[in-house]
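Examining the three-dimensional arrangement
The lines below spell out each chain.
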Amino acid sequence: MLELHDAPLAPLTTFRLGGPATRLVTATTDAEVVAAVREADADGTPLLVIGGGSNLVIGDKGFAGTALRIATSGFDLVGTTLELAAGEVWTDAVARTVEAGLAGVECLAGIPGSAGATPIQNVGAYGQEVSATITEVIAYDRRARETVTLGNEECAFSYRHSRFKADPERYVVLRVRFALEDADGLSAPVKYAETARALGVEPGDRVPLTQARETVLKLRAGKGMVLDAEDHDTWSAGSFFTNPILTDADFAVFHARVKERLGEDAVPPAYPAGEGRTKTSAAWLIDKAGFTKGYGSGPARISGKHTLALTNRGEATTEDLLALAREVVAGVREAFGVTLVNEPVMVGVGL
């Protein structure tokens, strides 16, 4: 287990932002992960768990405690059952499932980060969410001081949320198990309209797995959502805000605000989100509130490819990023009465 002191954390995040940790421990086995967590808990030391760093906003002052970087490895595929170690690179794991001819996560290609983070956030994109294929999550329970196995229902998955996100100080994910589908080399039914259009098929159709993956990667790259060290539009956490889910009453008020601001013919995006609830688009709200692609004049700006991504242009600080985020939140609230919620985890800072 590698240990460093006063260690920079910015290089471990896709934003490339944040100050140092008092102590950085890199664990390469489940046993090392558990040992590091137990040590921190026994000493009462604050603990920050880092996987791929694609969903973290760390304050400029850094983290006063132990940062635990999970670098475990393990890709175990038996039939259609897949078990991934938490430290596995997610997009590489997706590529390997496609190579194996198995469907279920092919539309989650290109998402940065580690496998262990996927159940925490209930990672999803282009019509797929990991909650549809996860069967079990093996985690260390800091409260019970033991390793536990949680079934899908116990994970309490919902839109970009889970039991793990609801109680972030309790569980450290060690391994994730998935049930994939053998559809003779075809994808799962295509659900997302944009993906279907790009593929030239109807929603509900299946396409060759490799075609689905490559199409999603192309769509993501066009929005700056595939990591590229030379492209500052990818120095981000992907989508910075979640899509708002509104009650019917709140959506009616919102719809009225849209017509008032944009005209009687304006129609905001609306998607069913359960009984009495409607999801709308954060990207649409940001754009229509006046924060267009490339907005900003400082070192932190909205991506030139997608309004939902806030980016570090190379010399930004975390405070630069947060100032931009706060400006966007305030602008959208003033324009439409909807309060955006950040998707990345905030460490030592907040909006």
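A few words now on the pairing of strand S11 (residues 134-141). A regular strand places its side chains so that they alternate between the two faces of the sheet. For S11, the buried fraction is high: six of the eight residues fall into the buried class. For S11 and strand S13 (residues 171-179), the ladder comprises seven bridges, and the chain directions are antiparallel. If you follow Glu 136 over to S13, its bridge partner there is Arg 177. Pairing of S11 with strand S12 (residues 146-151), which is carried by six bridges, proceeds in the antiparallel orientation. If you follow Ala 139 over to S12, its bridge partner there is Val 148.

Below, the discussion takes up unusual backbone geometry. In the Ramachandran plot, Arg 16 falls in the positive-phi region, its phi being about 60° despite a non-glycine side chain. Within the secondary structure, Arg 16 sits in the loop between strand S1 (2-8) and strand S2 (20-27). You will see that Ala 156, though not glycine, has its phi angle at about 50°, which is positive. Within the secondary structure, Ala 156 is located in the loop between S12 and helix H4 (163-166). When its relative accessible area of 42% is taken as the criterion, Ala 156 is described as partly exposed.

Before going further, it helps to spend a moment on the sheet that holds strand S15 (residues 245-247). As summarised here, the arrangement of the three strands in space is S15-S17-S16, forming an open sheet in which the pairing is antiparallel. Looking along the sheet, the strands with just one partner apiece sit at the ends: S15 and strand S16 (271-272). With two bridges joining them, S16 and strand S17 (residues 277-279) adopt antiparallel strand pairing. The residue bridging Pro 272 from the neighbouring strand is Thr 278, located in S17. Set on the sheet, helix H7 (residues 248-262) makes contact with S15 and S17; between it and S15 the angle comes to about 100°.

Rules used throughout
Residues numbered from 1 in each chain as written. Predicted model: local features only at pLDDT ≥ 70, side-chain atom pairs only at ≥ 80, totals over all residues. Heavy atoms only, no water. Buried < 20%, exposed > 50% of the residue type's maximum accessible area, 1.4 Å probe, protein only. Helix = DSSP H or I, 4+ residues; strand = E, 2+ residues; numbered from the N terminus. Pairing = 2+ DSSP bridges. Contact = heavy atoms within 4.5 Å. Axes fitted to C-alpha atoms, helices over the stretch in contact; angles between N-to-C directions.

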